[in-house]
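# Per-entry structural report
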Amino acid sequence: MLLGTLIYGFVNSCLLALLAMGFNLTFGISGVANFSYGAIYIFSGFAAWIFLNSAGLPYALCVIMAIGLSATLGVLIYHVVIKRVKGLALSEVMATFGLGLAIMELFRYFDFVGFKYTLPNLIEGSVAIGDVYIDYQRIAVILAAIALTGFIYVFTHYTRTGLAFRAIAQDERTALTFGMDSDHIAALSMGFGSALAAAAAVVVLPLGTIAVEGGYDVLLNALAVCIVGGLGSTVGILVASVLIGYAQTITANYLEPHWMMLVSLIAIAIVLCIKPSGIFGHQKELEERI
Amino acid sequence: MKKRKERIDRGIKVRSEDIFALTSYREMIYLLAPRALPVVGLLLFVPLFSPYWREIFISTAIYALLAISWDVLVSVGLISLGQSFFYGVGSYVAGALNHYWGLPPVLTLPVATIGGAAICTIALLPVLRLRGIYFSMVTLVLPLMILRLVEATRIFGGTEGLTGLSPFPGQLTEMYIANACLLIALFGFRRLLDSDYGLIVRGINDNDRAVMNAGLNIHWYKTQILFLGAAVGCFAGAFGTHHDMFAGMPGFALDYSIMPIAAAIVGGTGTFAGSVLGAFILVPLSEILRALGALRIVFYGLFLVIFVVGIPEGLFHYIRRKYHQFERWVDVE
């Protein structure tokens with residue numbers, strides 16, 4: 001039981017980190033809170049499903065195409081919608097929220113509901129650690145989370161574009177004087193965030209079915225992790241994922257599974273009471289911020 | 001030759017701006033007509049409809065109240081994505097009082113309004129100290145999480161909710177209560193925001209540091225506005241729950257969040273009249289489009305995007321401009 005809790009808690013933590021990473025990346029760099037994040041997540045899931053089952057392409061190609069398509073969608077959303085209202089927090093939030101709703105409910109309208117909408121596992125089978133059985137897909141979730149965290153670290157520290165990302169995030173005006181196009185970078189960050197959502201989707205979705213409600217759940221989870229960890233902080237995301245992930249698994253194992261969602265609610269409540277900007281929040285309280 | 005559009009105030013607007021408006025009926029009518037229109041429309045005209053349409057106008061009034069509540073919060077710079085939080089809290093407080101203690105609607109409505117607003121304010125108090133999108137994030141998350149809480153703990157009837165609540169004495173009474181409260185909220189908040197108090201509130205939205213420099217406690221003002229906005233939302237919830245004779249999980253559903261926001265954006269923010277106008281366009285429209293089913297929410301979403309990006313001023317500001325000003329094309333020298 002203890003070993004199981006440890007292992008599955010870790011899987012759950014990695015899963016949460018995967019879900020929150022894209023949202024956090026976009027916000028951290030361009031300051032755009034992408035409330036259509038959940039919609040992009042299920043969009044990529046359904047896109048992969050359509051490529052696989054309607055077009056009959058090999059699965060690896062489907063995954064790559066789904067990720068590419070989501071990234072394109074993200075860039076497109078930035079250029080068509082967000083760019084026009086950039087800097088107006090109200091309008092950004094409303095526009096992306098409305099767009100996400102429209103995308104998700106469009107899938108519901110076209111009847112993408114049911115158990116047949118599942119993605120295949122990357123690798124079938126399971127392995128025993130001690131007396132705990134864990135399937136390869138869950139191990140893939142762990143590996144994907146570690147790989148993507150590593151990738152983001154390397155990307156933002158050692159590549160030209162990645163350094164430009166961080167420059168824009170730290171001080172947009174100074175970055176502009178060095179010839180970095182903040183619109184271009186923000187569009188890229190939207191694309192990157194969407195690609196991360198898609199990557200999370202193809203790794204996480206095989207564990208269940210692709211459902212429209214899943215989109216809302218993903219946005220909820222991402223927001224919960226970001227609120228607890230602090231917006232725009234990658235370390236915060238990881239810490240919050242581990243905290244919430246283990247707390248959820250412990251609740252599910254020792255209390256009852258349907259109490260799991262309460263954990264994030266309680267975590268949010270506690271964090272808001274103690275440190276409203278999150279454990280590692282950059283977005284400080286009003287008095288501290290100039 | 002290049003042209004530009006020139007906007008000039010109508011003569012009648014200028015003439016009716018001060019006490020001299022009292023010298024002519026035309027100018028008094030010019031001033032009164034826009035204000036009398038909602039009053040006459042809601043109290044005299046709307047009750048003439050068939051019972052089926054009255055039912056729709058009652059729910060329109062509920063959505064309009066939620067839209068006003070959203071607009072109140074926006075006036076101080078708080079963007080709520082979870083109006084259903086206020087609706088749900090109001091509906092559960094009223095429902096519980098009525099279901100467990102058998103209090104009549106005369107008592108549950110005010111208690112749910114004040115008590116619910118207090119609960120919402122306390123729940124959202126920590127977020128008020130933060131700038132930016134934190135308020136939106138938390139308000140979006142809260143109602144959806146509370147749904148899970150109700151589902152998991154089975155409090156207040158769980159998934160089945162509280163049924164068999166006392167209804168209002170009659171449809172017309174109900175309609176008049178809804179419309180009267182809508183008018184009070186509409187004109188009351190317009191007046192409040194035109195006062196000195198409203199100046200501070202709008203100042204916090206425009207530049208919070210400047211208001212702090214003036215030695216005013218912006219958190220206290222934000223708390224007050226949050227309480228007022230939440231009170232309107234909770235009243236809508238309490239009213240709606242007696243209207244449906246049911247308090248349950250649908251109260252926290254996304255419908256009550258997205259519809260008021262869409263109404264306020266389509267109508268135009270900052271004036272409250274825009275929110276009411278938007279609700280009276282969108283809710284009957286969605287009733288006519290009932291056959292479309294899930295596609296309706298798609299339309300609301302797209303409406304939101306189109307209006308936010310393309311027509312950010314909204315319909316009310318457009319109409320008001322046409323009413324007060326005329327436009328003509330002039331040559332650019």
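Everything in this summary refers to the structure shown in the same document. What you see as residue numbers is a count from 1 along each chain, following the sequence as written. Chain A is the first chain written and ligand 1 is the first ligand written, with later ones labelled in order. Note on the predicted model: pLDDT of at least 70 is required for a residue's local features to be given, and 80 or more for side-chain atom pairs to be given and counted; whole-chain, interface and lining totals, by contrast, use all residues.

Moving on to the overall build of chain A. The helix and strand labels rest on DSSP assignments: H or I over at least four residues marks a helix, E over at least two residues marks a strand, and numbering proceeds from the N terminus. Along its length, chain A carries eleven helices and two strands. Counting from the amino terminus, chain A carries its helices and strands in the arrangement α-α-α-α-β-β-α-α-α-α-α-α-α. Projected onto the principal axes, the alpha-carbon positions of chain A cover approximately 60 × 50 × 40 Å. Relative to its full complement of 290 residues, chain A shows a buried share of 51%. Contacts spanning at least 24 positions in sequence make up 74% of the contacts within chain A whose residues lie at least 6 apart. Three exposure classes are used. Buried residues have 20 or more other C-beta atoms within 10 Å of their own C-beta, exposed residues have 12 or fewer, and partly exposed residues fall in between, all C-beta atoms being placed from the backbone. A pair of residues counts as a contact when their C-beta atoms, built from backbone coordinates, are within 7 Å of each other.

For chain B, the helix and strand inventory stands at 14 helices and four strands. It is over C-alpha atoms that the radius of gyration is taken, and the globule rule equals 2.2 Å times the number of residues to the power 0.38. Since a compact globule built from 333 residues should have a radius of gyration of about 20 Å, the 21 Å found for chain B is in line with a globular shape. Reported as C-alpha extents along the three principal axes, the dimensions of chain B are approximately 70 × 50 × 40 Å. Partitioning the contacts of chain B with sequence separation of at least 6, the portion at a separation of at least 24 is 78%.

The interface is formed by 37 residues belonging to chain B together with 39 residues belonging to chain A. Among the elements that take part in the side of chain B that touches chain A, helix H6 (residues 134-153) of chain B stands out by supplying twelve residues, more than any other.

Residues and elements named next belong to chain B. Along strand S1 (residues 3-9), only zero of the seven residues are buried, which leaves the element largely exposed. In this analysis, strands are considered paired if DSSP registers two or more bridges between them. Pairing of S1 with strand S4 (residues 325-331) involves seven bridges; the strand directions are antiparallel. Within S4, the residue paired with Glu 6 across the bridge is Arg 328.

A separate point is the nonpolar core. Ranked by size, the top nonpolar core spans 207 residues in total, and within it Leu18(A), Leu65(B), Ile68(B), Val141(B), Ala262(B) and Leu304(B) carry the most contacts. Considering each element in turn, this core owes the most residues, 16 residues, to helix H8 (residues 182-204) of chain A. Dropping the residues within four chain positions of it, Val141(B) is found in contact with Leu220(A), Leu223(A), Ala224(A) and Ile268(A). The term nonpolar core means buried Ala, Val, Leu, Ile, Met, Phe, Trp, Tyr and Cys residues held together as one set by C-beta atoms within 7 Å.

Another aspect to go through is the packing of helix H3 (residues 51-75) of chain B against helix H7 (residues 171-194) of chain B. For any two helices packed against each other, one specifies the inter-axial angle together with the distance between the axes. Residues and elements named next belong to chain B. Fitted lines through C-alpha atoms serve as axes, helices being fitted only where they are in contact, and the angles separating the N-to-C directions of these axes extend from 0 to 180 degrees. Two elements in contact, H3 and H7, have axes separated by 10 Å at closest approach and are oriented at 20°. In terms of axis orientation, H3 runs roughly parallel to H7. As H3 runs across H7, the sense of the crossing is left-handed. Judged by residue contacts, Pro 51, Arg 54, Phe 57, Ile 58, Ala 61, Ile 62, Ala 64, Leu 65, Ile 68, Val 72 and Ser 75 of H3 engage Gln 171, Glu 174, Met 175, Ala 178, Asn 179, Cys 181, Leu 182, Ala 185, Leu 186, Phe 189 and Leu 193 from H7. Classifying every residue of the contact of H3 with H7 gives 17 nonpolar, three polar and two charged. Orientation categories follow fixed angle ranges, with anything under 35 degrees roughly parallel, anything over 145 roughly antiparallel, 65 to 115 roughly perpendicular, and all other angles oblique. The handedness criterion is simple: a crossing whose near helix is rotated anticlockwise from the far helix by less than a right angle is left-handed, and one whose near helix is rotated clockwise is right-handed. Gly counts as polar in this scheme, as do all residues outside two lists: the nonpolar Ala, Val, Leu, Ile, Met, Phe, Trp, Tyr, Cys and Pro, and the charged Asp, Glu, Lys and Arg.

Residue and element names in this part refer to chain A. For strand S1 (residues 126-129) and strand S2 (residues 132-135), the ladder comprises four bridges, and the chain directions are antiparallel. Considered in S2, the bridge of Ile 129 is made with Val 132. Two successive antiparallel strands, S1 and S2, enclose a turn made up of two residues, where Gly 130 displays a positive phi of approximately 65°.

This paragraph deals with the packing of helix H2 (residues 37-53) of chain A against helix H4 (residues 89-109) of chain A. Residues and elements named next belong to chain A. Relative orientation of the contacting elements H2 and H4 amounts to 35°, with a least axis distance of 8 Å. Viewed along their axes, H2 and H4 form a crossing whose handedness is left-handed. Two secondary-structure elements touch here, H2 through Gly 38, Ala 39, Ile 42, Phe 43 and Phe 46 and H4 through Gly 100, Ile 103, Met 104 and Phe 107. Partitioned by chemical class, the residues of the contact of H2 with H4 number seven nonpolar, two polar and no charged.

This part takes up helix H2 (residues 25-45) of chain B. For a helix, the expected span equals 1.5 Å multiplied by the residue count minus one. Along its 21 residues, H2(B) runs just 24 Å from first to last C-alpha, ending more than 12% under the 30 Å computed at 1.5 Å per residue. The sharpest bend along H2(B) reaches about 45° and sits at Ala33(B), with the proline Pro34(B) one to four residues further on. One axis fitted to the seven residues ending at a residue, another fitted to the seven starting there: the angle between these axes is the bend at that residue.

Turning our eyes to something else, we now look at the environment of Ala164(A). Residues and elements named next belong to chain A. Assignment of secondary structure puts Ala 164 in helix H6 (residues 160-170). A residue is classified by how many C-beta atoms lie within 10 Å of it, and Ala 164, with 22 of them, is buried. In sequence terms Ala 164 and Phe 178 are 14 residues apart; their C-alpha atoms lie 9.7 Å from each other. Those residues in contact with Ala 164 that lie beyond four places of it in its chain are Met 180 and Ile 185.

In this section: the environment of Gly114(A). Its place among the elements puts Gly114(A) in the loop between H4 and S1. By C-beta crowding, Gly114(A) is classed as exposed, having 10 other C-beta atoms within 10 Å.

On to unusual backbone geometry, then. All names here are of chain B. Phi angles above zero are rare outside glycine, and Met 245 is one such case at about 55°. Looking at where Met 245 falls in the secondary structure, it is placed in the loop between helix H10 (218-244) and strand S3 (246-247). Even without a glycine there, the phi angle at Phe 272 is positive, about 65°. Locating Phe 272 in the fold gives a position in the loop between helix H11 (255-267) and helix H12 (273-288).

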